[in-house]
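Structural overview for review
One letter stands for each residue in the lines below.
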Amino acid sequence: MDHLSLMSVAIAKNDYVSFTFFVGTMAMMAAAVFFFMELSNTSKEWRTSVLVSGLITFIAAVHYYYMREYYATTKDSPTFFRYVDWLLTVPLMCVEFYLITKKAGGTISILWKMILASVVMLVTGYMGEAGLGNATVWGTVSAIAYFYIVYEVWLGDVKKLATSAGSAVASANTALGWFVLVGWAIYPLGYLIGTADGQWYAGFKDIGLDMNVIYNIGDAVNKIGFGLVIYSLSRKAA
Ligand SMILES: *C/C=C(C)/C=C/C=C(C)/C=C/C1=C(C)CCCC1(C)C
């Protein structure tokens, strides 16, 4: 059999983009159901955090459903859906940092700084990917905003608050910090591949690296993994 038939859509065996869109849709759906179902046996103080994990994966599941369809019919990157998804889910991840540090005095102003930085990171990334100007320039601006978020989580206000909250919160912040430092760094790699035409590193595309596959792996790691860290914190610190 050459194809996996799926409604009207077929996935060729070596079509990793379609395959990861499909698996991504299922994984996000399953994760959302899991987080929502676990709400009823989550202690009250952690319920909002687990709820937000459910929302992040639910929003992603809906976008993956459309991205899969868009790619299957056009064979184009679903850049618009991708960035709408991120514009909704990345600020919600900033809300997670706020929620876990709130007990140690986390403020709305820190939350807004994080959200603002994430919006700058994503809007400039969209400009670069959509071809609205120089991709290297937009990518650089986006990376500066990204490093600001890394700074906040590892050395700035978020870090200080998490440390003063002690044990469980501090270790959760460190775990989430690794997602931001390593997990989120997957995305600029996808961006470089996606905007590689005419650049010195264009050859990386020839060895089979694909922007959408990289983004899909990044989303699975960061949305589901991040949610599971929050979930396990909610069990330990109950
Ligand atoms: C669930 C979605 C997540 C966690 C998305 C995160 C996206 C990024 C960290 C994107 C970062 C980018 C750069 C740092 C530079 C190039 C452009 C971007 C937008 C891909």
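That block above? That's the structure.
Residues numbered from 1 in each chain as written. Predicted model: local features only at pLDDT ≥ 70, side-chain atom pairs only at ≥ 80, totals over all residues. Heavy atoms only, no water.

1. Overview of the overall build of the chain
Secondary structure summary: the chain contains 10 helices and 2 strands in total. Reading the chain from its N terminus to its C terminus gives the helix and strand order β-β-α-α-α-α-α-α-α-α-α-α. Computed over C-alpha atoms, the radius of gyration of the chain comes to 18 Å, within 12% of the 18 Å expected from 2.2 N^0.38 for 238 residues, which places it in the range of a compact globule. The buried share of the chain, taken over its 238 residues, is 48%. Put simply, 73% of the contacts in the chain that link residues at least 6 apart link residues at least 24 apart. Entry remark: accessible area of the chain is about 11600 Å², with carbon and sulfur atoms responsible for 71%. (Helix = DSSP H or I, 4+ residues; strand = E, 2+ residues; numbered from the N terminus. Rg over C-alpha atoms; globule rule 2.2 N^0.38 Å. Buried < 20%, exposed > 50% of the residue type's maximum accessible area, 1.4 Å probe, protein only. Contact = heavy atoms within 4.5 Å. Areas by Shrake-Rupley, 256 points an atom, 1.4 Å probe, with all protein chains shown as cover.)

2. Some points on the packing of helix 3 (residues 79–102) against helix 10 (residues 211–236)
Contact pair helix 3 / helix 10: the axes reach a minimum separation of 12 Å and the direction vectors enclose 25°. Here helix 10 runs roughly parallel to helix 3, going by the angle between their axes. Crossing angle aside, the handedness with which helix 3 passes helix 10 is left-handed. Across from Arg82, Tyr83, Asp85, Trp86, Thr89, Met93, Glu96, Phe97 and Ile100 in helix 3, the residues of helix 10 making contact are Asn212, Tyr215, Asn216, Asp219, Asn222, Lys223, Phe226, Ile230 and Leu233. Split into classes, the residues belonging to the contact of helix 3 with helix 10 amount to 9 nonpolar, 4 polar and 5 charged. (Axes fitted to C-alpha atoms, helices over the stretch in contact; angles between N-to-C directions. Parallel < 35°, antiparallel > 145°, perpendicular 65-115°, else oblique. Left-handed = near helix turned anticlockwise from the far one by under 90°. Nonpolar A, V, L, I, M, F, W, Y, C, P; charged D, E, K, R; others polar.)

3. Looking at unusual backbone geometry
Phi at Lys75 is positive, roughly 60°, even though this residue is not glycine. Counting through the fold element by element, Lys75 comes out in the loop between helix 2 (44–74) and helix 3. Judged by relative accessible area, which is 45%, Lys75 ranks as partly exposed.

4. Let's talk about a nonpolar patch on the surface
Among the surface-exposed residues, Phe58, Val62, Tyr65 and Tyr66 lie close enough to one another that they form a single nonpolar patch of about 400 Å² accessible area. Along the chain, Val62 falls in helix 2. (Patch = residues over 30% accessible without salt bridge, like charges linked within 9 Å, V, L, I, M, F, W, Y side chains within 5 Å. Salt bridge = Lys/Arg side-chain N within 4 Å of Asp/Glu carboxyl O.)

5. Looking at the site of the ligand
Around the ligand lies a shell of 17 residues, among which Trp86, Met121, Ser142, Tyr187 and Lys223 are the nearest. Protein burial of the ligand: of its 530 Å² of free accessible surface, 99% is covered by the chains. Secondary-structure elements contributing two or more residues to the shell around the ligand are helix 3, helix 4 (108–129), helix 5 (135–154), helix 8 (186–194) and helix 10. Among the elements that make up the shell around the ligand, the one with the highest residue count is helix 3 (5 residues). Partitioned by chemical class, the residues of the shell around the ligand number 11 nonpolar, 4 polar and 2 charged. (Near = heavy atom within 4 Å.)

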